[in-house]
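Okay, here's what each chain looks like letter by letter:
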Amino acid sequence: MPIDASSTAAAILPLVGGPANVTSVAHCMTRLRLRLADPSRVDGEALRELPGVLGIVADDDTCQVVLGPGVVARVTAEFERLTATPEPGAQGAVAPDGAAPDPATVAPAAQGSAAQGSAVQGAEPPPARTARGATPLKAVLRRLAAVFVPLIPALIGCGILAGLNGLLVNTGLLPGLTPALAAVAAAFMALIAVFVGHNTAKEFGGTPILGGAVAAIVVYPGVAKVTAFGVTLSPGQGGVLGALAAALLATYVEKTCRGRVPETLDVLLTPALTVLVAGLGTLYGIMYVAGAVSTAIGTAANWLLATTGAFAGLVLGGLFLPLVMLGLHQALIPIHTTLIEQQGYTVLLPVLAMAGAGQVGAAVAVYVRLRHDVSLGASLRTTIRSALPAGLLGVGEPLIYGVSLPLGRPFLTACTGGAAGGAFVGFFAMLGDKVGASAIGPSGWALFPLLAGNRGLGMTAAIYAGGLVTGYAVGFAATYAFGGVTAAVAAQRAHSS
């Protein structure tokens, strides 16, 4: 039965502390991502019991509610509508991203003209609050994810079009259309630095348009006339990492100016100084350094798979499910994007996608194990039947939170399947057969349209399919033999009753 987005959003809101506790709202492919003023106000147990909620990940100042593909976009829209309702005295202001207006930004924005408000006033971040057990590394990874997650729909759409265009070019079909299709598919990647800069400034408390303006320097063709450290710069040098660093520098410069420039001159001097200082810093430092780092990432990824491919694939495929469980997998997006910019595809994503194959194999094993146990397994088998199609298409959260993680040991055996599939793909990388993805986002069978490599589409697809089958088989066998499924389900039933 389809989930009612309006009622689901209305049910979630009071369980995360109400509108006043929500400082930002976003979503990825499967999760409603909330930043909260006081994370202790989240009622985790009640959230997990809501119909349609597959699980939650709460840490630091964020709460991620796992809802599944498709559903999450509809619920997020309703949730934003609910949290955008102005409080008394807020003068009807609504934050640009649809979230509840920050009191720190409502008042200044109401002063002067709208143009002044948009040019001068950056979106101040919520006060820093660190939950028990939080670490600076987790906080950094989550903020990086917040920068790149909104870009995923465009990355997926443009990647699929790029794959379709490549297929048309290779087969010689529709030669009059392929140049236009190539332009449509490549335009976003050519200017992705601007979007990264905009989102970075927004996430870290600067004015988003200033972050985008400074990051645009990275891809501006005129940088080819600039020489730094004795080397002539190239448009795009440093890629998304350069854009990220440029926007961070712009945000720092802007915040520094805000406290020192007289209010009467702020509207003129602060934007000018921000763009000037951060722009020169980008040209004469960031682009050179970020370019070297980006090159090192590409070299390291290629060396890792070419030299230790089977072992690297085993480790990466085996550890990816825990990253998904913790919501930290989105922090890998800058690395994937850097590889796509350099090589046209990321060699890491097909390896990591094997974790989903292990998860599918484990879920099927649980289903088979419980086929004769009607009293214990009926509800769980229903969950597996409903979540398995999404799992085959690479959306693992429904199976993680609905099946393997609650049972305990099947989650570990699913990781074993992912490790085996990753080792399979990595082994062929050692032989020189690279398997990559031209965009990020989908995995499982949904990744086939995005596959790219150095041996032709047929060989690339065959290796990837072999990895999936290996992950399915090992995940199934390990769970069937060592998953302790019946005992785990019985223990779960006794605990719930």
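Structural notes, computed from the coordinates. Counting restarts for each chain: residues are numbered from 1 in the order of the written sequence. For this predicted model, a pLDDT threshold of at least 70 governs which residues receive local features, and a threshold of 80 or more governs which side-chain atom pairs are given and counted, while totals over whole chains, interfaces and linings are taken from all residues. Excluded from the side-chain calculations are hydrogens and water; all other atoms, namely the structure's heavy atoms, are used.

### Points about the overall build of the chain
Just so we agree on the cut-off: In this description a helix means any DSSP run of H or I spanning at least four residues, a strand means any run of E spanning at least two, and both kinds are numbered starting from the N terminus. Accessible area is worked out with a 1.4 Å probe on protein chains only. A residue is then buried under 20% of its type maximum, exposed over 50%, and partly exposed in between. For this analysis, residues touch if any pair of their heavy atoms sits within 4.5 Å. For every accessible area listed, the method is Shrake-Rupley and the probe measures 1.4 Å; residues are considered covered only by the protein chains on display.
If you tally the helices and strands in the chain, you get 20 helices and eight strands. By the burial criterion, 48% of the 497 residues in the chain qualify as buried. Considering only contacts within the chain whose residues lie at least 6 apart along the sequence, 72% involve residues at least 24 apart. A total of about 21,700 Å² of accessible surface is found on the chain, and carbon and sulfur atoms cover 68% of it.

### A few points about the pairing of strand 3 (residues 55-59)
The condition is simple: When DSSP finds two or more bridges between two strands, those strands count as paired.
Most of strand 3 sits out of view: four of its five residues are buried. Across five bridges, strand 3 lies against strand 4 (residues 62-66) in antiparallel orientation. The partner of D59 across the bridge, within strand 4, is T62.

### A short note on the packing of helix 15 (residues 354-369) against helix 19 (residues 457-482)
Defined as follows: Axis lines are fitted through C-alpha atoms, for helices just across the contact stretch, and the angle between N-to-C directions can take any value from 0 to 180 degrees. Any angle that is under 35 degrees is reported as roughly parallel, and any over 145 degrees as roughly antiparallel; angles of 65 to 115 degrees are reported as roughly perpendicular and all others as oblique. Left-handed describes a crossing in which the near helix is turned anticlockwise from the far one by less than a right angle; the clockwise case is right-handed. Charged residues are taken to be Asp, Glu, Lys and Arg, nonpolar residues to be Ala, Val, Leu, Ile, Met, Phe, Trp, Tyr, Cys and Pro, and polar residues to be all remaining types, Gly included.
Two elements in contact, helix 15 and helix 19, have axes separated by 7 Å at closest approach and are oriented at 40°. The angle between the axes of helix 15 and helix 19 places the two elements in the oblique class. The element helix 15 and its partner helix 19 pack so that their crossing is right-handed. In contact with M354, A357, G358, V360, G361, A362, V364, A365, V366, V368 and R369 of helix 15, helix 19 contributes Y464, G467, L468, G471, Y472, G475, F476, T479 and Y480. Looking at the contact of helix 15 with helix 19 residue by residue, the class counts come to 13 nonpolar, six polar and one charged.

### Regarding empty space enclosed by the protein
Our working definition: Lining residues are defined by having an atom within 4 Å of a point belonging to a cavity or pocket. Those points lie on a 1 Å grid over the protein atoms alone, cavities being sets where a 1.4 Å probe fits but cannot get out and pockets being open sets with protein on both sides within 12 Å along at least five of seven lines. Grid points are joined across faces, edges and corners, and a volume is the space filled by probe spheres set on the points.
Evaluated as defined, the whole model comprises two cavities of 30 Å³ or more. Looking at the largest cavity, its volume works out to about 40 Å³. Contributing to the lining of the largest cavity are A353, G356, A357, V360, G391, L392, G394, S443, G444, L468 and Y472. Where the lining of the largest cavity is concerned, the elements lending two or more residues are helix 15, helix 16 (374-392) and helix 19. Sorting elements by how many residues they give to the lining of the largest cavity places helix 15 first, with three residues. Broken down by class, the residue content of the lining of the largest cavity amounts to six nonpolar, five polar and no charged.

### Some thoughts on the pattern of salt bridges
Here is the rule: Throughout this description, the term salt bridge denotes a Lys or Arg side-chain nitrogen within 4 Å of a carboxyl oxygen of Asp or Glu.
If you walk through the whole model with that rule in mind, you get seven salt bridges. Here D266 makes a salt bridge to R258, at a shortest N to O gap of 2.8 Å. For R258, a relative accessible area of 25% translates into the label partly exposed. Ionic pairing is found between D433 and R455, a salt bridge with its closest N-O pair at 2.8 Å. Here D433, found in the loop between helix 18 (409-430) and strand 7 (435-437), pairs with R455, found in the loop between strand 8 (451-453) and helix 19; they are 22 residues apart in sequence, far enough to count as distant. Residue classification places R455 among the partly exposed residues on the basis of a relative accessible area of 47%. Salt bridges sharing common partners tie together R35, R143 and E203.

### What about the nonpolar core?
The condition is simple: Nonpolar core, defined: a set of buried Ala, Val, Leu, Ile, Met, Phe, Trp, Tyr and Cys residues in which side-chain atoms within 4.5 Å join the residues together.
Grouped together as the largest cluster of nonpolar side chains are 72 residues, with contacts concentrated most on V196, V366, L447 and Y464. Here this core takes seven residues from helix 12 (residues 263-326), the largest share from any one element.

### Considerations on the sheet that holds strand 3
One open sheet accounts for four strands, arranged 1-2-4-3; its pairing is antiparallel. Taken across any chain shown, the strands that pair with only one partner, and hence form the sheet edges, are strand 1 (22-27) and strand 3. In this sheet, adjacent strand axes meet at a mean angle of 15° when their direction is disregarded. Both strand 2 (residues 31-36) and strand 4 contribute to a ladder of five bridges, which runs antiparallel. Pairing of L34 across the sheet is with C63, part of strand 4. Against the sheet, helix 12 engages strand 2, strand 3 and strand 4, with an angle of about 55° to strand 2. Lying on the sheet, helix 17 (residues 397-407) is in contact with strand 2, strand 3 and strand 4; it crosses strand 3 at an angle near 95°.

### Regarding the side chain of T270
By the element assignment, T270 lies in helix 12. Aside from chain neighbours lying at most four places away, what touches T270 is E254, C257, R258, V261 and L265.

### Some remarks on the pairing of strand 4
Across the five residues that make up strand 4, a large majority, five, are buried. Taking every second residue as pointing to the same face, both faces of strand 4 are buried, with T62, Q64 and V66 on one and C63 and V65 on the other.

### So, the environment of F229
Residue position: F229 is located in the loop between strand 5 (227-228) and strand 6 (231-232). On the basis of relative accessibility, which here comes to 57%, the residue F229 falls in the exposed class. For the pair F229 and G285, spaced 56 residues apart in sequence, the C-alpha to C-alpha distance is 8.6 Å. Excluding its chain neighbours within four sequence positions, the residues that come into contact with F229 are Y284, G285 and Y288.

Scope: geometric values only; no functional claims are made or implied.
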